[in-house]
Structures are given as structure tokens and as C-alpha cells.
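Breakdown of the fold
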Amino acid sequence: MRKKLALKPITFLLFLLTFVSYGKDKGHSEGKDTEEYVKEYIQHHLKDSYDFNLFSYTADSGEEKHVGFPLPVILWDDGLKVFSSSKFHHGETVAEVDGSYYKLHHSKIYKVDGPNGEIIEDDHHHALNEKPLDFSLTKNVLMIMMVFALMFFMFSRMAKAYAKNNGMPKGLGRFLEPIVLYVRDEIAIPNIGEKHYKRYMSYLLTVFFFVWIINLFGLTPIGMNVTNNIAVTLCLALITYFITTFSGNANYWKHIFWMPGVPWPMKIVLAPIELLGTFIKPFALMIRLYANITAGHVVLMSIIGMIFLFQNWIGSSLSFLLAFVLAILELLVAALQAYIFTVLSALYFGMAVEEHDEHH
């Protein structure tokens, strides 16, 4: 009997740690080997989904069971269509809503022509079916809302504690205050300057804690990997870009379009390059966060999968040890990526508000 992988990472919460997966017999009815299931699991772990699946297992009867709960699907297709993602039965069936039929394909929703409708693909395996506008509450969206609620709770409690204790931290504030002071004293002030840093502190603190907390949640068994979704990192980078652009003073734009002290023929050559640089900076922010988090998850899940591929205690033990060490490193990466994103954002803000001395 072949072994099918049902990887299920287990987390030692917060500062303790992440880890471990175990496989389970599922028969060979689908004709897939362990290596194929490892690849499928990694792809599934990285994708967003329309339900909140905690884990899966196979019953004695051979039926696959999913433990979790569905999320609301919100579509605009000749009107508003709202229904539960349970209608898809984890992508196995077509959902019928008000006479229209929808099917899940690679974590996206497409229209089909009936209850037995199929997805039509081109030569490059791209779906040709009509795709309705999708405003659904997916797992990643729910995670963003949860982190927002958590941050609002933490900092509102911290603010109330300061008010009641004459500016002294209490409870959770004792843990948060050193981090807030670090962002202010080591990130905001050195990169933006004493004169302007206060204007940007709220955003810098928000983006630092948001990226850090959401990266930590990505290491949990429920696998909500929000920052390995390029749409999320794009939005964060765009916010930084718009703040930088609209904060830019006359000196900032002058050094982009007509650099002081440079011969005018070179100014004509350099101006387009400098303007392009204003777009490259947020692009680098987006790709750096997305690529580092995605690569970390792929490597960690691949090493975990090797436990099941070696089929011997020596190889599996070494893979487990390596994955355990890498999981510790991922906790560091979660904070490091939040730090880097915040530092670069502060650096861009500082460049936008810097007051140049042309005679210096």
C-alpha cells in the first residue's frame, strides 16, 4: 500500500516554535506517489482558499474528511451573489446560485454551463471560462481582519493603561513599549529626522506590527500565508509609494527632474532614470517581502516532505532536525522582514522630506 501525505505542520506558539508533520495511509486509489503528494501539499499550503481548513484526515472507509469551516463567497455576476463556500465541497462539486453555476479551479471561481459543467483550458492550461468579479471573504482576507482586530485590541489597551498609570506601561504594554521605542529611535528618527518623523510614526508602527504578526501566523498549522500573496505585498508597497510621493517637498522633486550641480545635458539623461527609480523602490519592497516569505515556506515544506520520501529513520531524522532548525530561522525571518520593510519605508520618507543645502 502506498503512503499518501497529509502533512500537518504543528506550531509551538509565539516565541517557542513551529513544526512538524506526519503522513497517513490513504491507499493508492488515485494512483499518486508520495513525491506527488508532497508537491501538491506545498502548492496547497501557499494558496489562498475559500474555506478555513484546519486539517484533513482519511476515515477508515477511505473517505477524506476536512476539519474547518466555510467562508462566504461574494460574487458580482449580473447582480450580487452571496453563498457559502461549502457549496463547492472543497472544489469537488459545482455550486448552483440563482440559476448560475460556478466551479473552483486553481483557487479561483469560474462560471460553467451546468451542474456537470467543466473548466475549458487553452494550450497553456489557462481557464477560458468567464470569471465573475470576486469580492469573497477568503482565508487571507479573514486573517488580515483578525490581525487588524488583534492590533486594535493590543494598542487600545496599551493607550488606556498609559492614561491610568501616568504614562507607565502595564501588562502587555511592558512588552510593546520597547518595540515601539525601537521603531522610533532606531528606524524613524535616524532615517527621517527629528523634525518630520512624528508624521510617519503611525504608519511605520502599523506596517511593522502588521507584517511581523501576520508572518508569525503564517507559521501556524492553519497556514494563512498572507505575505506570500503578491497582491498583499503590492498594496503595502503602494501605500509606501503614495505616502512618499505626496510627502515629497520641492527639493525632492528638484533632485529627480533637474539635479543641482549636474551639467544640463546629463540632467536630460538622468531625469528619466531618476523618475523610473521612484517606481522601482516600491517594486523592490513588494518583491523582497513576497519572495523571502514564499521561499521560506517552500524550503521548509520541502524539507518536511523529505521525511516521508527517505523511508528510513536516518534520513527522516536528519530531515526533521534540519526542518526544526529552519523553523527557528523562520521565526527570525518573520521579524526581519517586518524590520526591513519598515526601515526602507522610513528611508524613502526621509528622502522625500530631506532639506538639501545646495551650498554645502
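The name an unreviewed UniProt entry gives the protein chain is ATP synthase subunit a, with Hyunsoonleella aquatilis as the organism. Recorded under Function (unreviewed entry), the UniProt text for the protein chain is reproduced unchanged: "Key component of the proton channel; it plays a direct role in the translocation of protons across the membrane." Quoted verbatim from the Sequence similarities (unreviewed entry) heading of the UniProt record, the comment on the protein chain is "Belongs to the ATPase A chain family."

**As for empty space enclosed by the protein**
Scanning the model with the defined rule gives four cavities of 30 Å³ or more in all. For the largest cavity, the calculated volume is near 110 Å³. If you list the elements that add at least two residues to the lining of the largest cavity, you get helix H5 (230-247), helix H6 (250-257), helix H7 (264-310) and helix H8 (313-353). Looking at the lining of the largest cavity residue by residue, the class counts come to seven nonpolar, four polar and one charged.

**Notes on the sheet that holds strand S9 (residues 95-97)**
The strands making up a sheet associate through backbone hydrogen bonding, with each pair oriented either parallel or antiparallel. The strand order across the open sheet built from three strands is S9-S10-S11, with neighbouring strands paired in antiparallel fashion. The open sheet has two free edges, formed respectively by S9 and strand S11 (108-112), since each of these has just one partner strand. Strand after strand, the sheet turns through a mean of 35 degrees between neighbouring axes, direction not considered. The pairing of strand S10 (residues 100-105) with S11 spans five bridges and is classified as antiparallel. Among the inter-strand pairings, Leu104 is bridged to a residue of S11, identified as Ile109.

**Section: the pairing of S11**
Counting buried positions along S11 yields four of five residues, so the element is predominantly enclosed. Remark: two residues form the turn of the hairpin made by S10 and S11, two consecutive strands paired antiparallel; His106 in that turn has positive phi of roughly 55 degrees.

**Side note on the pairing of strand S7 (residues 72-76)**
Side chains of S7 alternate between two faces, with Val73 and Leu75 buried and Pro72, Ile74 and Trp76 left unburied. With five bridges connecting them, S7 and strand S8 (residues 80-84) associate as antiparallel partners. From the neighbouring strand, Ile74 faces S8, where its bridge partner is Val82. Between the antiparallel neighbours S7 and S8 lie three residues, among them Asp78 with a positive phi of about 55 degrees. Strand direction decides the pairing type here: S7 and strand S12 (residues 133-134), joined by two bridges, are antiparallel. Looking at S12, one finds that Leu75 is bridged to Asp134.

**Focus: the layout of surface pockets**
Rolling a probe over the atoms, with the probe sized like a water molecule, indicates the empty space that remains. In this structure, the second largest pocket encloses a volume near 600 Å³. Contributing to the lining of the second largest pocket are 21 residues, with Asp48, Tyr50, Ser107, Lys108 and Asn229 lying nearest its centre. If you list the elements that add at least two residues to the lining of the second largest pocket, you get S11, helix H2 (139-164) and H5.

**Observations regarding the packing of H2 against helix H4 (residues 201-217)**
Between H2 and H4, the least distance of the axes is 10 Å, while the angle of their chain directions is 125 degrees. On the basis of their axis angle, the class for H2 and H4 is oblique. As H2 runs across H4, the sense of the crossing is right-handed. On H4, the residues that touch Met143, Ile144, Val147, Leu150, Met151, Met154 and Phe155 of H2 are Thr206, Phe209, Phe210, Ile213, Ile214 and Phe217. Taken together, the residues of the contact of H2 with H4 break down into twelve nonpolar, one polar and no charged.

**Some details on the UniProt feature "transmembrane region" (unreviewed entry) in the protein chain**
Following the UniProt record, one finds the feature "transmembrane region" (unreviewed entry) at residues 141-159, 203-224, 230-252, 289-310 and 322-349. Taken end to end, residues 141-159 is 100% helix and 0% strand, and its first and last C-alpha atoms sit 27 Å apart. Secondary structure across residues 230-252 comprises 91% helix and 0% strand; the distance between its end C-alpha atoms is 29 Å.

**Looking at the nonpolar core**
Core analysis: the largest hydrophobic core is formed by 49 residues, its most contacted members being Ile192, Leu204 and Phe209. At the level of secondary structure, the elements contributing two or more residues to this core comprise H2, helix H3 (173-192), H4, H5, H7 and H8. Contacts of Leu204, omitting those with residues within four sequence positions, involve Val183, Ala188, Ile192, Thr342, Ser345, Ala346 and Phe349. Grouped together as the second largest cluster of nonpolar side chains are ten residues, Val73, Leu75, Tyr102 and Leu104 included.

**Section: the packing of H4 against H5**
Where H4 meets H5, the closest approach of the two axes is 12 Å, and the angle between their N-to-C directions is 170 degrees. The pairing of H4 with H5 is recorded here as roughly antiparallel in orientation. Contact with H4, carried on its side by Tyr203, Val207, Phe210 and Val211, involves Leu236, Ile239, Thr240 and Ile243 of H5 and no other residues of that element. Across the contact of H4 with H5, the residue classes tally to seven nonpolar, one polar and no charged.

Rules and cut-offs
- Residues numbered from 1 in each chain as written.
- Predicted model: local features only at pLDDT ≥ 70, side-chain atom pairs only at ≥ 80, totals over all residues.
- Heavy atoms only, no water.
- UniProt positions renumbered as here; feature names shortened; annotations may be inferred.
- 1 Å grid on protein atoms, 1.4 Å probe; cavity = no way out; pocket = protein on both sides within 12 Å on 5 of 7 lines; lining within 4 Å.
- Points joined across faces, edges and corners; volume = space filled by probe spheres on them.
- Helix = DSSP H or I, 4+ residues; strand = E, 2+ residues; numbered from the N terminus.
- Nonpolar A, V, L, I, M, F, W, Y, C, P; charged D, E, K, R; others polar.
- Pairing = 2+ DSSP bridges.
- Axes fitted to C-alpha atoms, helices over the stretch in contact; angles between N-to-C directions.
- Buried < 20%, exposed > 50% of the residue type's maximum accessible area, 1.4 Å probe, protein only.
- Parallel < 35°, antiparallel > 145°, perpendicular 65-115°, else oblique.
- Left-handed = near helix turned anticlockwise from the far one by under 90°.
- Contact = heavy atoms within 4.5 Å.
- Core = buried A, V, L, I, M, F, W, Y, C linked by side-chain atoms within 4.5 Å.

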